[in-house]
Every structure is written in C-alpha cells, then in structure tokens.
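Notes for the structure review
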Amino acid sequence: MTVIRSLMPYRADTALGTLPDLVESGEAYTAAGGYHSAGSPDRLLDHIADAGLRGRGGAAFPVAVKLRTVRDGGGRPVVVANGEEGEPGSVKDRWLLRARPHLVLDGLDRAAEITGATRAYVYVSDPCSAARVRQAIAEWPPRTPTEVVETGHTYVAGEETAVVRRINGGPALPTAKPPRPYQRGVGDRPTLISNVETLARIALIAASPERRHEIAGSTLLTLSSSDGGALLSEVPYGTSLRTLATFQGTAGATGALMGGLFGGLIGPESLDLTLDGTELAAAGTALGCGAIRFLGPGSCPVATAADAVGHLRTESARQCGVCVSGTAAIADTLRQLTTGTAAPDAEERLLRWSAGLPGRGACGLLDAAAGAAGSLLRVFPALVRTHLGAVCTDCATAPPSGGHRLVVPVPPVMDHPGQPAQAFPEPDSERLSPSSPR
C-alpha cells in the first residue's frame, strides 16, 4: 500500500492540502480560498513567471513561457489537463484527480483565462479519476466548458501528440512532430497540454500569490523501493536523494531508478545529489515525473534495468520499427545478463544501442529504454561484467518481473472520515497488459 507522508506542513496552499486522505468537496475547496478571484489573468501570469514555476509532467519546461506561447499563437486556444499517468512508479496525478479534483479544475480554468481558451478537457485513463472529476464538474461547473476524455492506459498515451490524437477521435498514439500541439492541436487549434500537478500549482499561486515561490519550490514525489513500501510525498526542491531514501525507509540504499523510467539508474555516490534540475542533469539523470525507486542492499541494478526495459518493450506503440526491434534487443540482452546466459559481446552491443537509438522513435519510449541501458553501463560497468557467464545471486533471488514490481498503487482516498473510499475500478493490476485498449 502507498502511504501519504509529507516533508512539508499540511496546509491549504500545498498540493497535498490539509486532509490528503479525504476527497475534497467543492464547499471545502472554496472555503479554503479556491475558485476565488485572483486579479487579472495577466497578473497571475506575472506571478507564475516570477515564481519560476516549471512543469511537473517530466520536461520541467517554464510554465509561463508555455502559457504565453499558446496565448500569442492566434485563434481560439484549447487547454488540456493531462492526467494520463503512464509511468508505472508514479501516482501523484491520479491521487490529485481522485482527492483534489477542484484544485486541478481551478488551475485548468485559470490556464484557460490566461491563454484565452474557449474549451477545456481533462484527459485520463483511470476510471476513478474520471468519475471524481465529473462529480466535481457537476458540483461546481467551470467557467470554461470542460469535458472529460477517457483513454486506455498505455505508457505512450500521455505523450502530447497522442493526447491530441485521442481527443480528436483517433487512437492515443504519438504522431510525427512538427506541428506540436501549441502550434496545431485539438481541432487544429493552438493547444496547451499541461500536467495536472502543474495546473494544481497554478491554482495554488492564484489563491496564495504571496507564497508563490514556496509553491513553485516544492513538488510531489512517488518514492518506492525494491524492499517494498511506497510514499506519496510533497518535498521542497533542494532535498537530497539520501534524505528521501531514509524518509522512504530504504536504509543503506545502493542507488535509484530516477524519473520513472526516463532518468536512468544512479549509484550510491549520487544519492548526495539534491532535487535540483541543473545538478541532476550534470550528473546524467533527471527527476522527470517525480517517481524515484530506491535500490536496497539486495537489489541488483541489472535486474532493475531489465524490469524497466521489459516494461517499455510491452508498452511500445509498435508504430516505429526501430522502436520495436530496439527495445526488444535491449530487453532480451538485459534479461540474458540476469541469468548469466548473455553473449560475450553483450556489453558492447548495449553500449552501441544506448548511443545510437535515442531520437529515432516518434516518442520518448525508445530513448527511455536506451537510457536505462546506457546508465547501467555508465554507473555499474564492473557489475555488468560479473554477469557475463555467471549467475547473479540477487538476480536469481528476485528475477526480472517484466516491470510488474515497478507498479505503485494509488493511495486510498476516503469520501468521508471513517468510511471506506467509494468503490471504483482500480486499473493498477492491469497497467502492464499489452491488450489494454489504446
């Protein structure tokens, strides 16, 4: 089970709020300052820019720049709250939509006002999230006409062009770029696609502009480990990874899988890095969607990499031949390393693939697979060589699961104190099914 524990106070002007185990009603949200006027949209945009707010979907792009670009693109823009959480180790977006849907809808409304959008969408694959958002819309109708669009869960369904394609009535599969959605997106209109946590923080800044730097300076993280136990936490930037490992409960962590599946592996010496984008990038990693999986003393990084790429192989959209063949080749070689059956040139082949495959697919899935292999070779080269012709005890004890053990369940949220949460279909057990509708 995933537990909610914060490194920050539980306050109304934080993403976790004051009662993170309860669904926040429209009445409670407005009583705490939500949906209230915050001055002009231009003034809010200035606050967002001054705070240095960056996106929380993975790319960490400056939010004010993205808003201005869509606003100034001409036509009648569209805004989209992207709640399709494709990373198996991340839960923050689904939790926000389940527990604080009004916070997300408030942020979406304000993004619409800033950009001049006349239409808004909430894009999700989680049935519980969809139901909660629809309930919130009925309870407090947004100023901008807003529709919930559901899709089947896949790793690539949240990629921005896949989002546009699905809302436009097609399959949730990536398309070639350009054009990008901000140029021509939903209905061929300039489209802002924003992660739900990003929108939540826009709403928090609108309600508490005097605390905009603190709001922009913290983030939601999903912390898990190979030893079991997962946390959804809100933490300030600048916190060290070692502090987070201790907070999560992984004593003696030997490394981590960073940024969901996109930040690659880091070793024990990198745990003193802090949550700082520049610092992490200089070390060859990234925070990405805010999912961090710590490796305990009995966890083999080779098996972890095999799990990550095994999941990506299953989730390939199968549109690009190079992605299908590339992820399969990397996944097979990593699995062979875990059983001691890899060919003598396995390290050389993985090195060649990790250098030559990034950038050749329509989305980032192939890049993530190549990055996982490349980071394994860069950080643990001697360990990889011990897997050539020999069986690793740790891999034999906990062999790769195809990515199933990377999945983190969403924390339960109650409708009322002392009562169980409303029963909704829980997709987590099906998140790795290759037959899931796209």
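Quick caveat: nothing in here was measured; it's all calculated off a predicted structure.

So, the overall build of the protein chain
- Each helix and strand in the protein chain was counted, giving 17 helices and 10 strands.
- Against the 2.2 N^0.38 benchmark of 22 Å for 438 residues, the protein chain shows a C-alpha radius of gyration of 21 Å, consistent with a compact globule.
- Its C-alpha atoms give the protein chain principal-axis dimensions of roughly 65 × 45 × 40 Å.
- When each of the 438 residues of the protein chain is scored for burial, the buried share is 56%.
- Here the contacts in the protein chain between residues at least 6 apart in sequence split such that 73% fall between residues at least 24 apart.
- Just so you have it, the protein chain exposes about 16600 Å², and 54% of that area is on carbon and sulfur atoms.
- The centroid of the 40 positive side-chain charges in the protein chain is displaced by 4 Å from the centroid of its 43 negative side-chain charges.

A short note on the packing of helix α2 (residues 41-51) against helix α8 (residues 196-207)
- The interhelical angle for the contact between α2 and α8, taken along N-to-C directions, is 110°, at an axis separation of 10 Å. When the axis of α2 is compared with that of α8, the two are roughly perpendicular. In this structure, the crossing between α2 and α8 has a hand that is right-handed. Where α2 abuts α8, its residues L44, H47, I48 and A51 lie against I202, I205 and A206.
- Tallied by class, the residues present in the contact of α2 with α8 amount to six nonpolar, one polar and no charged.

Re the pattern of salt bridges
- Counted by the stated rule, this structure contains 27 salt bridges.
- A salt bridge links D188 to R184; the shortest N-O distance between them is 3.7 Å.
- Using a relative accessible area of 45% as the deciding quantity, one classes R184 as partly exposed.
- Measuring nitrogen to oxygen at the nearest pair gives 2.6 Å for the salt bridge that ties D307 to R405. In this pair, D307 sits in helix α12 (residues 301-315) while R405 sits in the segment after α17 (393-397), placing the two residues 98 residues apart along the sequence.
- Given a relative accessible area of 31%, R405 falls into the partly exposed group.

Quick look at the sheet that holds strand β4 (residues 146-150)
- On the basis of which strands lie adjacent, the open sheet formed by four strands has the order β4-β3-β2-β5 and parallel pairing. Pairing within the sheet leaves two strands with one partner each, and these edge strands are β4 and β5 (191-195). The sheet shows a mean angle of 20° between the axes of neighbouring strands, direction not considered.
- Note that strand β2 (residues 78-82) and β5 share five bridges and pair parallel. Pairing of V79 across the sheet is with L192, part of β5.

Brief notes about the layout of surface pockets
- In this structure, the second largest pocket spans a volume of roughly 210 Å³.
- Ranked by residues supplied to the lining of the second largest pocket, first place goes to helix α6 (residues 127-139) with four residues.
- Its residues assigned to classes, the lining of the second largest pocket shows five nonpolar, four polar and four charged.

Examining the pairing of strand β6 (residues 218-225)
- Most of β6 sits inside the fold, with eight of its eight residues counted as buried.
- Residues S218, L220, T222 and S224 of β6 are buried on one face, and the alternating residues T219, L221, L223 and S225, pointing to the opposite face, are buried as well.
- Linkage of β6 to strand β7 (residues 230-236), two consecutive antiparallel strands, is achieved through a turn of four residues, within which G228 is found at a positive phi near 90°.
- Relative to strand β10 (residues 291-295), β6 runs parallel, the two being bridged by four bridges.

Some details on the packing of α12 against helix α13 (residues 321-339)
- The contact between α12 and α13 brings their axes to 9 Å, and the two run at 150°. Relative to α13, the element α12 is oriented roughly antiparallel. Considering only the axes of α12 and α13, their crossing is left-handed. Contacts between α12 and α13 involve V302, A303, A305, A306, V309, G310 and R313 on the former and, on the latter, T327, A328, I330, A331, D332, L334, R335, L337 and T338.

Regarding the packing of aromatic side chains
- Taken as a whole and judged by the stated rule, the model has two aromatic pairs.
- On the numbers, 5.0 Å between centres and 85° between planes, the contact of Y29 with Y35 is edge-to-face. A single burial state applies to Y29 and to Y35, both of which are buried.
- Note on Y35 and W140: the rings are 5.3 Å apart at their centroids and 5° apart in plane angle, and the pair reads as stacked.

Description of α12
- Taking 1.5 Å as the rise per residue, α12 with 15 residues should run 21 Å; its terminal C-alpha atoms sit 21 Å apart, in good agreement.
- Most of α12 is tucked away: 13 of the 15 residues are buried.

Considerations on the state of the cysteines
- Inspection of every chain in the model, using the stated rule, returns zero disulfides.
- C323 carries a free sulfur, and the closest cysteine sulfur to it, the one in C363, is 6.0 Å from it.
- Residue C395 stays outside any disulfide, its sulfur separated by 3.5 Å from that of C300, the closest cysteine.

So, the side chain of T2
- Structurally, T2 is set in strand β1 (residues 2-4).
- Residue T2 is classed as buried on the basis of its relative accessible area, which comes to 2%.
- There is a polar contact of 2.5 Å between the side chain of T2 and the backbone oxygen of P409.
- Residue contacts for T2: discarding those within four places in its chain leaves A230, L231, L232, V408, P409, P411 and P412.

Re the pairing of β4
- The sheet contact formed by strand β3 (residues 119-124) and β4 spans five bridges and is parallel. Residue pairing across strands places Y121 opposite E147, the latter belonging to β4.
- Following the chain from β3 across α6 to the adjacent parallel β4, one finds a crossover that is right-handed.

Thresholds applied
Residues numbered from 1 in each chain as written. Predicted model: local features only at pLDDT ≥ 70, side-chain atom pairs only at ≥ 80, totals over all residues. Heavy atoms only, no water. Helix = DSSP H or I, 4+ residues; strand = E, 2+ residues; numbered from the N terminus. Rg over C-alpha atoms; globule rule 2.2 N^0.38 Å. Buried < 20%, exposed > 50% of the residue type's maximum accessible area, 1.4 Å probe, protein only. Contact = heavy atoms within 4.5 Å. Areas by Shrake-Rupley, 256 points an atom, 1.4 Å probe, with all protein chains shown as cover. Lys, Arg positive; Asp, Glu negative; His and termini not counted. Charge placed at Lys NZ, Arg CZ, Asp CG, Glu CD. Axes fitted to C-alpha atoms, helices over the stretch in contact; angles between N-to-C directions. Parallel < 35°, antiparallel > 145°, perpendicular 65-115°, else oblique. Left-handed = near helix turned anticlockwise from the far one by under 90°. Nonpolar A, V, L, I, M, F, W, Y, C, P; charged D, E, K, R; others polar. Salt bridge = Lys/Arg side-chain N within 4 Å of Asp/Glu carboxyl O. Pairing = 2+ DSSP bridges. 1 Å grid on protein atoms, 1.4 Å probe; cavity = no way out; pocket = protein on both sides within 12 Å on 5 of 7 lines; lining within 4 Å. Points joined across faces, edges and corners; volume = space filled by probe spheres on them. Phe/Tyr/Trp six-rings, centres within 6.5 Å; stacked < 30°, edge-to-face > 60°. Expected span 1.5 Å × (residues − 1). Disulfide = S-S within 2.5 Å. Polar contact = N/O pair within 3.5 Å; in protein donor to acceptor, adjacent residues only side chain to side chain. Right-handed = clockwise from strand over helix to strand, strands pointing away.

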